[in-house]
Amino acid sequence: MLVTEKGQVTIPKHIREAAGVAPGSEVSFSLEGSKIVITPVGTAVKGDRRAKLRAAAARVRRSMSPEFQQLGADEIMNFLRGDEATTTTSARRGRR
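Quick caveat: nothing in here was measured; it's all calculated off a predicted structure.

Parameters and conventions
- Residue positions are given per chain, counted from 1 along the sequence in the order it is written.
- For a predicted model such as this one, the threshold for reporting local features is a pLDDT of at least 70, and the threshold for listing and counting side-chain atom pairs is 80 or more; totals across whole chains, interfaces and linings nevertheless cover every residue.
- The basis for every side-chain value is the complete set of heavy atoms in the structure, and neither hydrogens nor water enter the calculation.
- A run of DSSP states H or I qualifies as a helix once it reaches four residues; a run of E qualifies as a strand once it reaches two. Both are numbered from the N-terminal end.
- Burial status follows relative accessibility: with a 1.4 Å probe on protein chains alone, a residue under 20% of its type maximum counts as buried, one over 50% as exposed, and anything between as partly exposed.
- Note on definitions: a residue-residue contact is assigned when non-hydrogen atoms from the two residues lie within 4.5 Å.
- A pair is scored as a salt bridge if a Lys or Arg side-chain nitrogen falls within 4 Å of a carboxyl oxygen belonging to Asp or Glu.
- Confidence scores here are pLDDT values: one per residue, from the predictor, ranging 0 to 100.
- Each patch is assembled from residues with relative accessible area greater than 30% and no salt bridge, linking like charges that lie within 9 Å and nonpolar side chains (Val, Leu, Ile, Met, Phe, Trp, Tyr) that lie within 5 Å.
- Note on areas: these come from Shrake-Rupley sampling with a 1.4 Å probe, and a residue is covered only by the protein chains present in the view.

Engineer: What exactly am I supposed to notice about the overall build of the protein chain here?
Structural biologist: Counting its secondary structure elements, the protein chain contains four helices and two strands. Helices and strands appear in the protein chain in the N-to-C order α-β-β-α-α-α. Put simply, the protein chain has 96 residues, and 3% of those count as buried. Within the protein chain, counting contacts between residues at least 6 apart in sequence, those at least 24 apart form 2% of the total.

Spelled out as structure tokens, the structure:
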């Protein structure tokens, strides 16, 4: 296995799977004699950033009144901007 100039190596897939190391997992390094030992820290894997954003969006959507829960993002933004902004945005799109 080749170590890059930055000191990086790729852990082979079969070893990652056997050790339970997935993308976002934390590991620790230690020296045992002349051996470098990599140990998973805990069993939790940090969540995907997109998954966290989806969960936050779902919480916000659940906190909305039922009529707003059915609206799409564009419809919600148009409501928040008000009728005046919607007309202005539509007029701009027509000029392009």
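Engineer: Before we go on, may I ask you to explain the pattern of salt bridges in this structure?
Structural biologist: When the charged atoms of two side chains lie near each other, side chains of opposite charge can form a pair. Per the stated rule, a full pass over the model turns up one salt bridge. Residue Glu 17 pairs with Lys 13 through a salt bridge whose shortest N-O separation is 3.8 Å. Here Glu 17 and its partner Lys 13 are both found in helix α1 (residues 13–19), four residues apart, which amounts to about one turn of the helix. Take Lys 13: its relative accessible area is 53%, and that puts it in the exposed class.

Engineer: Before we go on, may I ask you to explain the confidence of the model for the protein chain in this structure?
Structural biologist: When pLDDT drops low, the exact placement of atoms in the prediction is not to be read closely. Scored by pLDDT, the protein chain has a mean of 80; 79% of the residues are at 70 or more. Within the protein chain, the lowest mean pLDDT, 67, falls on helix α4 (residues 73–95), and the highest, 93, falls on strand β1 (residues 27–32).

Engineer: Would you explain the environment of Val 27 in this entry?
Structural biologist: Topologically, Val 27 is positioned in strand β1. Leaving out residues up to four positions away in the same chain, Val 27 has contacts with Val 21, Ile 38, Thr 39, Pro 40 and Val 41.

Engineer: Would you explain a nonpolar patch on the surface in this entry?
Structural biologist: Together, Val 27, Phe 29, Leu 31, Ile 36 and Ile 38 make up a nonpolar patch on the protein surface, roughly 530 Å² of accessible area in all. Broken down by secondary-structure element, the contributors of at least two residues to the nonpolar patch are β1 and β2 (35–40). Take the nonpolar patch: its biggest share by element is three residues, from β1. Along the chain, the position of Phe 29 falls in strand β1.

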